[in-house]
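# Examination of the molecular architecture
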Amino acid sequence: MRDSALPACGFIKRLAVMTLFFALSRAESRNFRVAEKESRVLFQSEARLETFNGVAEKVRGAIALDPDDLRNASGSVRVDVRSMKTGIKLRDEHLQSSNWLDAERYPEIVFMLDRIVGAQRLVDKGEVNLRLEGKFSLHGITKPMTVDAKARYDASKNEVVFMTRFKVKLEDYGISIPTLVALKVAREITVRATIVAR
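Quick caveat, the model's predicted, so the values are computed rather than measured.

Calculation rules
- Residues numbered from 1 in each chain as written.
- Predicted model: local features only at pLDDT ≥ 70, side-chain atom pairs only at ≥ 80, totals over all residues.
- Heavy atoms only, no water.
- Pairing = 2+ DSSP bridges.
- Helix = DSSP H or I, 4+ residues; strand = E, 2+ residues; numbered from the N terminus.
- Phe/Tyr/Trp six-rings, centres within 6.5 Å; stacked < 30°, edge-to-face > 60°.
- Buried < 20%, exposed > 50% of the residue type's maximum accessible area, 1.4 Å probe, protein only.

On to the sheet that holds strand S10 (residues 159-169), then. Spatially, the eleven strands line up as an open sheet ordered S1-S4-S5-S7-S8-S9-S10-S11-S2-S3-S6, and their pairing is antiparallel. Only two strands of the sheet have a single neighbouring strand rather than two, namely strand S1 (30-33) and strand S6 (84-85). By the bridge criterion, seven bridges tie strand S7 (residues 108-117) to strand S8 (residues 127-138) in an arrangement that is antiparallel. Across the sheet, residue Arg 115 finds its bridge partner in S8, namely Glu 133.

Now the structure itself:
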């Protein structure tokens, strides 16, 4: 009876090892690259005398995540400051000048993703609510940032779309508004981002 139990014991051990192997391989992160042509970062300044909207035309980055386990997600999204357009060329030049965003010294605005919380996994052909925790860098200053977001996943396309809306206080990043335009430029900018990654 003891001898017949040994083969069964060996089988159980092999089964346990195989199960662990498949579980670990399933939990591996996949690399998703930001689709520049389809991703959009929109911004809005709503001041007392004027409201204007803009778009960043160059958005790039990469995100590593396992759709079945979001705990170890990481990555970055980068916006080219020189690609930010508001519809008026002179205003764009002012926006990118050394008095404002200073594109020469700080050519990118960056969100570094440290982790995803609020949802454990993505749902194929579905949408989940989650929070993106990380660091936001603008004008040479980096601060912790957490934003609420929605994520839509399509397994057949191997595609994740993140949608978020948040506000940025310019003074938090060392950007002061000259008195001359204080009524035309908001101190707090609303950002809406749709990031498509495959």
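Time to look at the pairing of strand S2 (residues 40-46). Along any regular strand the residues' side chains alternate between the sheet's two faces. In terms of strand pairing, S2 meets strand S11 (residues 188-197) through six bridges, oriented antiparallel. Within S11, the residue paired with Val 41 across the bridge is Ala 193. Summarising the sheet, S2 and strand S3 (residues 51-56) pair through six bridges and their orientation is antiparallel. Its bridge partner lying in S3, Ser 45 is registered against Phe 52. Linking two consecutive strands that pair antiparallel, namely S2 and S3, is a turn of four residues.

With that settled, the discussion passes to the packing of aromatic side chains. The final tally for this structure, using the stated rule, is two aromatic pairs. Residues Phe 136 and Phe 166 carry aromatic rings whose centres are separated by 6.0 Å and whose planes lie at 75° to one another, so their mutual orientation is edge-to-face. Residue Phe 136 is found in strand S8, and its partner Phe 166 is found in strand S10; the two are separated by 30 residues along the sequence. Judged by its relative accessible area of 7%, Phe 136 falls in the buried class. Using a relative accessible area of 15% as the deciding quantity, one classes Phe 166 as buried. Plain terms: the ring middles of Phe 136 and Tyr 173 are 5.6 Å apart, the flat faces sit at 80° to each other, and that makes the pair edge-to-face.

Just distances and angles here, no functional claims.
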